[in-house]
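What follows is the residue order along each chain.
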Amino acid sequence: IVVTPPQKDGIDPAILAACCITGVDRVFQVGGAQSIAALAFGTETIPKVDKIVGPGNQFVSLSKQLLYGVVGIDQIAGPSEIALIADENSNVDYIIQDILAQAEHDEQARTFLVSTDSSFLTKVQQKLQQAIDQAPRKQIICLLYTSPSP
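Residues numbered from 1 in each chain as written. Predicted model: local features only at pLDDT ≥ 70, side-chain atom pairs only at ≥ 80, totals over all residues. Heavy atoms only, no water.

1. Digging into the overall build of the protein
Worth spelling out the cut-off: The helix and strand labels rest on DSSP assignments: H or I over at least four residues marks a helix, E over at least two residues marks a strand, and numbering proceeds from the N terminus. Exposure categories follow from relative accessible area, calculated using a 1.4 Å probe and restricted to protein chains: below 20% of the type maximum is buried, above 50% is exposed, and the middle band is partly exposed. In what follows, residue pairs with any heavy atoms lying within 4.5 Å of each other are defined as contacts. Using the Shrake-Rupley algorithm and a 1.4 Å probe, accessible areas are obtained, with residue cover drawn only from the displayed protein chains.
Looking only at helices and strands, one finds five helices and six strands in the protein. Each helix (α) and strand (β) of the protein, taken in turn from the N terminus, gives the series β-α-β-α-β-α-β-β-α-β-α. When burial is assessed residue by residue, the protein has 29% of its 150 residues classed as buried. Sequence-distant contacts in the protein: of pairs separated by 6 or more residues, those separated by 24 or more amount to 55%. For the protein, the exposed area adds up to about 9900 Å²; of that, 53% sits on carbon and sulfur atoms.

2. Regarding the side chain of aspartate 117
Rules: As used throughout, the charge tally considers Lys and Arg to be positive and Asp and Glu to be negative, leaving His and the chain termini uncounted. We define a salt bridge as a contact between a side-chain nitrogen of Lys or Arg and a carboxyl oxygen of Asp or Glu at a distance within 4 Å. Think of a polar contact as two N or O atoms within 3.5 Å of one another; within protein, one of them needs to be a possible hydrogen donor and the other a possible acceptor, and neighboring residues in sequence only count if both atoms come from side chains.
Here aspartate 117 is to be found in the loop between β6 (110-114) and α5 (118-134). Buried and without a salt bridge, aspartate 117 has lysine 123 as its closest oppositely charged side chain, separated by 6.6 Å. Within the structure, the side chain of aspartate 117 is placed 3.1 Å from the backbone nitrogen of phenylalanine 120, a separation counted as a polar contact.

3. A short note on α5
Note the following rule: Given a helix with a known number of residues, its expected span is that number minus one, times 1.5 Å.
Between its first and last C-alpha, α5 extends 25 Å over 17 residues, near the 24 Å set by a 1.5 Å rise per residue. Considering only its buried residues, α5 is in contact with α4 (92-103) and β6.

4. Remarks on the packing of α4 against α5
Here is the rule: Where helices are involved, their axes are fitted lines through C-alpha atoms of the stretch in contact, as for all axes, and angles between N-to-C directions lie from 0 to 180°. An angle below 35 degrees is treated as roughly parallel, one above 145 as roughly antiparallel, one from 65 to 115 as roughly perpendicular, and anything else as oblique. Crossing handedness: left-handed means the near helix sits turned counterclockwise from the far one by under a right angle, and right-handed means the same turn made clockwise.
It is at 10 Å that the axes of α4 and α5 come closest, and there the two elements cross at 55°. One element, α4, and the other, α5, form an angle in the oblique class. The element α4 and its partner α5 pack so that their crossing is right-handed. Residues Val92, Asp93, Ile95, Ile96, Ile99 and Leu100 of α4 form the contact with α5, whose participating residues are Phe120, Lys123, Val124, Lys127, Leu128, Ala131 and Ile132.

And the structure:
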């Protein structure tokens, strides 16, 4: 069973593809603390599960913490933090996807990119804003830029 926050265009095709590959046969468009409660206790629509795994924002993490013992959980994670180290040989598009994958979880998520190549950082910065503008969860993503030292 997978729960995923509702989107105006329905379930993201990438999520459906991942579900298909992994054998998931039920996907529900519900997110946040309410999705954790639904999975822990069951509802008329969503069955009770044995274990809840996966990332989420601070409310998901706190819900998992509160329901530990009622249902198994993987860990209490979040807000997400990741540090990426890249150089001129790194793929800018892959770096941007890694940044967005973490930044869209929660306003408190933090993603850091470190590089000694200022031209690479400039390329990422230019393309990153375009990617954010197209991101479905762009209202959650918060950017702070620090210019590289010479």
